[in-house]
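Chain residues, written in single-letter form:
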Amino acid sequence: MKQKRTYAVATTPVADDIRQRASDLGLIEELLRLAHHDPAWRAGVERALTKDRLLGKSLPGGSKVADVWRRSLLRRQFVQKLEDDPVAFDAFAMAYPRVAELAEAGDEHAPDLLQEFPVMERVLAAYTLFVGNTALYDAALTDACDELERQAEHCAEDPHDDSAADTVPTGEFEAQSRALKESQTALLAAQKELKGVKAELRKSKADVSRRDRKAGELREELKAVVAERDELTAQARAAHTACEDVKRENRRLTALVDSSKTGLRTTETKRADETERMGRTITDLRERLADTQRIRSVLEERVTALEEELQDERARRESFGVTLRSFGIDNVGASARGLQSALDTLERFQKGLIAYSAEQAEQENERIRKHEEAEQRRQAAETALRLQDDMDRAWELRERSRLEECERALFQDRQVDYMLIDGHNLVHRVFRPEDEARTRPWLERMVELMAEGLEQRGWDTKIELVFDTKSSSNSRPAGHGVTVHFHNNVTEGGADARILQLLEEGSPDARYMVVSTDRRHVWSAADQLAASDGIQIDLVQVELLAQYLQTLDDLIEG
């Protein structure tokens, strides 16, 4: 690649003064007039004025190149551009065939070589071939200015003044002049042919040397590309394996989370049912206990009444026995047996009452035990909920950490002004090409979420997401600084051509990130733009962006 020239001579006070003199005397106008009458030079200037060249940028939109040769506003603007801009003046000089030929040869030039150029064209040769040599450039400008002054003085002379011509013998003088001019013409032709042969020989030598160097550089570059390709293939395989492991782990954790949630819901349902059932049982037991206590109180009252009646009966019997014995009557066995039977019945009733109280106590203990079991289940469910919350927080922290790592790897903590993404490469290299119609909306949504995250960081990043299409090309905004482009693949070159167009139309002061896999066209063209125009371009593989977007999607779904 040709090295850019430095224009130190164009900024010195001497050069500026001489350039001002040249401008005042119409040097640029004279050079344009000479270029107009030289077919080869004129063709070179018209090529430099085309749209994709440096001088073409000075033409307003819709202007015709042929208008530069006419006396028009465009010509004045072009002359002013050449007078003010040393870079434009260099491009104009390179349009001169001999200057371009010697500059392309790349050999060292002797200062005497300037004497082989005509006086006016000598300025262009000094400016281009001897960059930095102020003395040669000043001398060439001085000679050109003197030549312009001589031409001006010659034009100012009276063409009808024949006094000088009368003193010269015209016949002999004209013959000698013609002979001298023929000799000079022949000498100049021979010198020009010799110089052309020498220049061609130097050009051939330089071309052979350049081709040898280029072949060596291409071999080294091929080795580096092959090594880089092998390394990237190994990294891609390792990343794919790690991604599959992460996906399997994510599926396992998702199943575990779903199972935990299902188990938790089942436990909560069972706990609610058990609590409700235990509440009904406790209410029933309390009602039964109240009824039992009322029955017990009634029975105790009846037992007390029976005991009092029995005591009265015993007292009456004793009194009656005393009375009978006082009368000599002792056969009262049958009555005694009836009294014993009543006492036995009362004793059995007391035992039944004690057994019923024991049964009620056992039921109360069973109720307490079931209540304690329900409380234990509730505590276990609360523990499971806390464990699930801890797992969810740990998973979210881990996913956010992964997302931050992917973001650092993608952007390297450098703010990007424009991010150009080849969506076609992204879908076909990472995701599901057979389901591209449904993958594109997901990809647009993920890119919008990424742009929203960059906005929250305070970055003003414009994202251009480009897809191939078989239909007509179109563009539409998608929010948060994201624009989606569909570029026809057959007639306009598809996504690759659109990305290169955006780079060429972009600002040289901005930082660009290009996400693509096309090394042959997109990467190489981006490298050339970065080298020639000084644009800051970061080239990123689509796999790195895909890993960031997939991690972002996992975090959102979780």
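The coordinates are above.
The structure reproduced in this document is the subject of the present report.

Cut-offs applied
- Residues numbered from 1 in each chain as written.
- Predicted model: local features only at pLDDT ≥ 70, side-chain atom pairs only at ≥ 80, totals over all residues.
- Heavy atoms only, no water.
- Pairing = 2+ DSSP bridges.
- Helix = DSSP H or I, 4+ residues; strand = E, 2+ residues; numbered from the N terminus.
- Axes fitted to C-alpha atoms, helices over the stretch in contact; angles between N-to-C directions.
- Contact = heavy atoms within 4.5 Å.
- Phe/Tyr/Trp six-rings, centres within 6.5 Å; stacked < 30°, edge-to-face > 60°.
- Buried < 20%, exposed > 50% of the residue type's maximum accessible area, 1.4 Å probe, protein only.
- Salt bridge = Lys/Arg side-chain N within 4 Å of Asp/Glu carboxyl O.
- Core = buried A, V, L, I, M, F, W, Y, C linked by side-chain atoms within 4.5 Å.

**So, the sheet that holds strand S1 (residues 418-422)**
Sheets are built from strands paired through backbone hydrogen bonds, the pairs being either parallel or antiparallel.
Okay, step 1: The strand order across the open sheet formed by six strands is S3-S4-S2-S1-S5-S6, and the pairing between neighbours is mixed. Strands with a single pairing partner mark the edges of an open sheet, and in this sheet they are strand S3 (474-479) and strand S6 (536-540). For this sheet, the mean angle separating the axes of adjacent strands, direction not counted, is 20°.
Okay, step 2: Here five bridges tie S1 to strand S2 (residues 462-469), and the two strands are oriented parallel to one another. Each bridged residue has a counterpart across the sheet, and for Met419 the counterpart in S2 is Ile463.
Okay, step 3: The sheet strands contacting helix H12 (residues 436-456) are S1, S2, S3 and strand S4 (482-488), and the helix crosses S2 at an angle near 170°.

**Some thoughts on the packing of aromatic side chains**
Okay, step 1: What the rule picks out here adds up to eight aromatic pairs.
Okay, step 2: Look at Tyr96 and Phe117: their rings are 6.4 Å apart centre to centre, the planes differ by 45°, and that puts the pair in the tilted class. Of the two residues, Tyr96 is situated in the loop between helix H5 (86-94) and helix H6 (97-105) and Phe117 in the loop between H6 and helix H7 (121-129); the sequence distance between them amounts to 21 residues. Of the two residues examined, Tyr96 and Phe117, each falls in the buried class.
Okay, step 3: Ring geometry for Tyr127 versus Tyr137: centroids 5.1 Å apart, planes at 55°, classification tilted.

**Concerning the pattern of salt bridges**
Pairs can form between side chains of opposite charge whenever their charged atoms are close.
Okay, step 1: Applying the stated rule across the entire model yields 21 salt bridges.
Okay, step 2: Between Arg122 and Asp143 there is a salt bridge, with the nearest N and O atoms lying 3.1 Å from each other. With Arg122 in helix H7 and Asp143 in helix H8 (residues 134-156), this residue pair connects regions lying 21 residues apart in the sequence.
Okay, step 3: Note on Arg122: relative accessible area 10%, which makes it buried.

**A closer look at the pairing of S4**
Okay, step 1: For S4, the tally of buried residues reaches six of seven residues, placing the bulk of the element in the interior.
Okay, step 2: One ladder, built from seven bridges, connects S2 with S4; its direction is parallel. The residue of S4 that forms the bridge with Asp468 is His487.
Okay, step 3: In this structure, S3 lies alongside S4, joined through five bridges in antiparallel fashion. Across the sheet, the residue bridging to Asn474 is Phe486, located in S4.

**Details of the nonpolar core**
Side chains of nonpolar character tend, in soluble globular proteins, to be buried together.
Okay, step 1: The biggest cluster of nonpolar side chains holds 43 residues, and the ones touching the most others in it are Trp41, Phe89 and Leu124.
Okay, step 2: Listed by contribution, the elements that provide at least two residues to this core are helix H2 (27-37), helix H3 (39-48), helix H4 (73-84), H5, H6, H7 and H8.
Okay, step 3: Excluding its chain neighbours within four sequence positions, the residues that come into contact with Leu124 are Leu31, Trp41, Phe89, Phe92, Ala93, Tyr96 and Val99.
Okay, step 4: Leu403, Ile463, Leu549 and Leu552 belong to the second-largest nonpolar core, a separate cluster that totals 34 residues.

Functional significance is not addressed by these values, which are geometric in nature.
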